[in-house]
Amino acid sequence: MKKARPFRRTSVIPGFGFTLGFTLLYLFLIVLVPLSGLFLRASMMPWHNFLATVTSPRVLAAYRVSFGISFLAALVNMVFGLIVAWVLVRYRLPMKKLIDALIDLPFALPTAVAGIALSTLYSPRGWLGQLLAPLHIQLAFNPAGIAIALIFVGLPFVVRTVEPVLQDMDREVEEAAAGLGATRWQIFTRIILPHIMPALLTGFAMAFARGLGEYGSVIFIAGNVPMVSEIVPLVIITRLEQYDYAGATAIAATMLTASFLMLLAINLLQRLGRERPAPV
């Protein structure tokens, strides 16, 4: 007589129910509860006050600065992060371990320290700033300074997401394409780029998200001029210092919603890139 098959399949790793419950509880307490409180506090405002707060000229200018420069910095990191990852994977370099450590430095460096270092370097009296001052080029205390700070903190995200994909890529496919007469540009655009594009978009999304929420490294080099170089996190901090908690939560909720929608669009593009077959 055959034994009845068990209702639940045994797993190689035990404790699936416990770990799943703990994960959901952790996600609920750490992520969902604070975000729900944020939207709940913002929803308590009258609708006309909410619109007046999030569409004031100063706040709209801060939105343009934060989203625009974060997007631009993520694009720059997308290009140069790919180049850095390519060099680290495909070439033998002296002091490669040191270069690896320097790439990870923005992860470990406190953001305030990074901001002070960048402002010291690029201010008109800094080491590089004083060389650019005679050319009437100023890279600090303006939107250019914000871009420099966001490029600095966002580069490791792209490098570390693309690097393992390049390491696992089969070099024989490239050699076969070269043997069939493909040029280097054709090999890169038709074989390598479609393979690494999902990882590249992931790095772009992570760098973009980090740039949107960055505060410590930006305020020291941005200049923080309203309507010119003021970022949204600084506007929120200013509202909190003025005890305008409702206005701060309204701006934060709008920023969070816009950020989520943009990251969702990027993830959808990434998924489409995975499902689309590579061109031949």
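Whatever comes next refers back to the structure up there.
So, a few notes on the structure that sits alongside this text.

1. Focus: the pattern of salt bridges
Here is step 1 of the chain: Counted according to the given criterion, the structure contains 7 salt bridges.
Here is step 2 of the chain: Arginine 160 is the partner of aspartate 104 in a salt bridge, and the nearest nitrogen-oxygen pair spans 2.8 Å. Within this pair, whereas aspartate 104 is found in the loop between helix H4 (96-103) and helix H5 (105-108), its partner arginine 160 is found in helix H8 (residues 143-168), the two being separated by 56 residues in sequence.
Here is step 3 of the chain: Since its relative accessible area comes to 29%, aspartate 104 is described here as partly exposed.
Here is step 4 of the chain: When the shortest N-O distance is used, the salt bridge between aspartate 244 and arginine 239 registers 3.0 Å.
Here is step 5 of the chain: According to the relative accessible area criterion, aspartate 244 is partly exposed, its value standing at 27%.
Here is step 6 of the chain: Here the salt bridges share partners, and the residues they tie into one network are Asp100, Asp104, Arg160 and Glu163.

2. Section: the packing of aromatic side chains
Here is step 1 of the chain: With the rule as written, the count across this model stands at 9 aromatic pairs.
Here is step 2 of the chain: Note on phenylalanine 71 and phenylalanine 204: the rings are 5.5 Å apart at their centroids and 90 degrees apart in plane angle, and the pair reads as edge-to-face. Pair noted here: phenylalanine 71 is in helix H3 (residues 57-90) and phenylalanine 204 is in helix H10 (residues 184-213), with a separation of 133 residues, a long-range link.
Here is step 3 of the chain: Taking the relative accessible area as the measure of exposure, phenylalanine 71 reaches 38% and is therefore partly exposed.
Here is step 4 of the chain: Judged by relative accessible area, which is 5%, phenylalanine 204 ranks as buried.
Here is step 5 of the chain: Taken together, the aromatic side chains of Phe71, Phe204 and Phe208 make up a single cluster linked through ring pairs.
Here is step 6 of the chain: A cation sits over an aromatic face here: arginine 90 above tryptophan 86, 4.4 Å from the ring centre.

3. Structural notes on the packing of H8 against H10
Here is step 1 of the chain: Between H8 and H10, the shortest axis-to-axis distance is 8 Å and the interhelical angle comes to 150 degrees. Considering the angle they form, H8 stands roughly antiparallel to H10. Pair H8 / H10 crosses with right-handed handedness. Across from Leu150, Val153, Gly154, Phe157, Val158, Thr161, Val162, Val165 and Leu166 in H8, the residues of H10 making contact are Ile192, His195, Ile196, Ala199, Leu200, Thr202, Gly203, Phe204, Met206, Ala207, Arg210 and Gly211.
Here is step 2 of the chain: Partitioning the contact of H8 with H10 into residue classes produces 14 nonpolar, 6 polar and 1 charged.

4. Brief notes about unusual backbone geometry
Here is step 1 of the chain: Backbone geometry at asparagine 224 places phi at a positive 55 degrees, although glycine is not the residue there.
Here is step 2 of the chain: By secondary structure assignment, the location of asparagine 224 is in the loop between helix H11 (216-222) and helix H12 (232-241).
Here is step 3 of the chain: Under the relative-accessibility criterion, asparagine 224 is labelled partly exposed at 27%.
Here is step 4 of the chain: The phi dihedral of methionine 227 is positive, around 75 degrees, even though this residue is not glycine.

5. Some points on the nonpolar core
Here is step 1 of the chain: Counting residues in each nonpolar core, the largest one holds 41 residues, and the members touching the most others are Tyr63, Val162, Val232 and Ile251.
Here is step 2 of the chain: Of all elements in the fold, only helix H1 (16-43), helix H2 (47-54), H3, H8, H10, H12 and helix H13 (245-275) reach the threshold of two or more residues within this core.
Here is step 3 of the chain: Ranked by residue count, the leading element in this core is H10, at 10 residues.
Here is step 4 of the chain: In contact with isoleucine 251, other than residues within four places in its own chain, are Thr53, Val54, Val59, Tyr63, Val232, Val235, Ile236 and Arg239.
Here is step 5 of the chain: Grouped together as the second largest cluster of nonpolar side chains are 17 residues, Ile69, Tyr122, Val218 and Ala222 included.

Thresholds applied
Residues numbered from 1 in each chain as written. Predicted model: local features only at pLDDT ≥ 70, side-chain atom pairs only at ≥ 80, totals over all residues. Heavy atoms only, no water. Salt bridge = Lys/Arg side-chain N within 4 Å of Asp/Glu carboxyl O. Helix = DSSP H or I, 4+ residues; strand = E, 2+ residues; numbered from the N terminus. Buried < 20%, exposed > 50% of the residue type's maximum accessible area, 1.4 Å probe, protein only. Phe/Tyr/Trp six-rings, centres within 6.5 Å; stacked < 30°, edge-to-face > 60°. Lys NZ or Arg CZ within 6 Å of the ring centre and 35° of its normal. Axes fitted to C-alpha atoms, helices over the stretch in contact; angles between N-to-C directions. Parallel < 35°, antiparallel > 145°, perpendicular 65-115°, else oblique. Left-handed = near helix turned anticlockwise from the far one by under 90°. Contact = heavy atoms within 4.5 Å. Nonpolar A, V, L, I, M, F, W, Y, C, P; charged D, E, K, R; others polar. Core = buried A, V, L, I, M, F, W, Y, C linked by side-chain atoms within 4.5 Å.

Read these as spatial facts, not as claims about activity.
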